[in-house]
Amino acid sequence: MNQQYPSVLLEKAVGEFAKLPGIGRKTAMRLVLHLLRQDTQSVEAFGNAMITLKHEVKYCRVCHNISDTDVCRICSDASRDTSVVCVVENIRDVMAVENTQQFRGLYHVLGGVISPMDGIGPSDLQIDSLVDRVRAGGVKEVILALSSTMEGDTTNFYIFRKLSGFDVKLTVIARGISIGDELEYTDEVTLGRSIVNRIAFTGTM
């Protein structure tokens, strides 16, 4: 039975919120009604924050992390070890690794993993720019910190092949993370130990 709405405007707002991941129509309704109870200034501030984010957010030209400037604060931090680059799937994974406080190198955000089932190939990811970073020199180690899924392992192997001609150490995070687990949902202690106890990547899957 379809939900009956007293207002077309309400129905439209609920529909937009329901497009968000993990938000069903009941939750969307609660969120919309909550906003309706707020004063106009608060709702406008919420809306403007989203619009400003979409129009003004940048992606770091070095690592492809979200940034307010052309180069993100991590890549701009002189105290970071520029010789070590941690390769992650997405921006949430950067935040997850940073929360461990165990890594002081730089990052490279791929923007996903190779997944033929989803139509995502190597050219859809930031792999070529990673190769360019290594080719430019100064990178001594590349840590493959991708989720321990089939897609993650496939991407690891592809990057291994692409970087095999360079004098760079290739490591993978220790498998304290269960097979099939997404990196962003791993607890900070386990993830931190996996970064610290990383092992050499030999190209085997």
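Residues numbered from 1 in each chain as written. Predicted model: local features only at pLDDT ≥ 70, side-chain atom pairs only at ≥ 80, totals over all residues. Heavy atoms only, no water.

### A closer look at the pattern of salt bridges
(1) Moving on: This model, assessed by the stated rule, comprises five salt bridges.
(2) Moving on: Between Arg 104 and Asp 77 there is a salt bridge, with the nearest N and O atoms lying 3.6 Å from each other. Remark: Asp 77 occurs in the loop between helix H4 (73-76) and strand E3 (81-88) and Arg 104 occurs in the loop between helix H5 (91-100) and strand E4 (105-109); sequence separation between them is 27 residues.
(3) Moving on: When its relative accessible area of 43% is taken as the criterion, Arg 104 is described as partly exposed.
(4) Moving on: Relative accessible area serves as the criterion here: at 29%, Asp 77 is assigned to the partly exposed category.
(5) Moving on: Note that Asp 128 is salt-bridged to Lys 162, the shortest N-O span being 4.0 Å. One end of the pair, Asp 128, is in helix H6 (residues 127-135); the other, Lys 162, is in helix H7 (residues 150-163), with 34 residues separating them in the sequence. (Salt bridge = Lys/Arg side-chain N within 4 Å of Asp/Glu carboxyl O. Helix = DSSP H or I, 4+ residues; strand = E, 2+ residues; numbered from the N terminus. Buried < 20%, exposed > 50% of the residue type's maximum accessible area, 1.4 Å probe, protein only.)

### Description of the packing of aromatic side chains
(1) Moving on: In this structure the tally under the stated criterion is two aromatic pairs.
(2) Moving on: Each ring, one from Phe 103 and one from Tyr 107, has its centre 5.2 Å from the other, and the planes form 70 degrees; the classification is edge-to-face. Each member of the pair, Phe 103 together with Tyr 107, is buried. (Phe/Tyr/Trp six-rings, centres within 6.5 Å; stacked < 30°, edge-to-face > 60°.)

### Describing the environment of Thr 154
(1) Moving on: Topologically, Thr 154 is positioned in helix H7.
(2) Moving on: Separated by 40 residues in sequence, Thr 154 and Ile 114 have C-alpha atoms that sit 6.7 Å apart.

### A few points about the side chain of Ser 129
(1) Moving on: Residue placement: Ser 129 occurs in helix H6.
(2) Moving on: Within polar-contact distance, the side chain of Ser 129 engages the side chain of Gln 126 at 3.1 Å. (Polar contact = N/O pair within 3.5 Å; in protein donor to acceptor, adjacent residues only side chain to side chain.)

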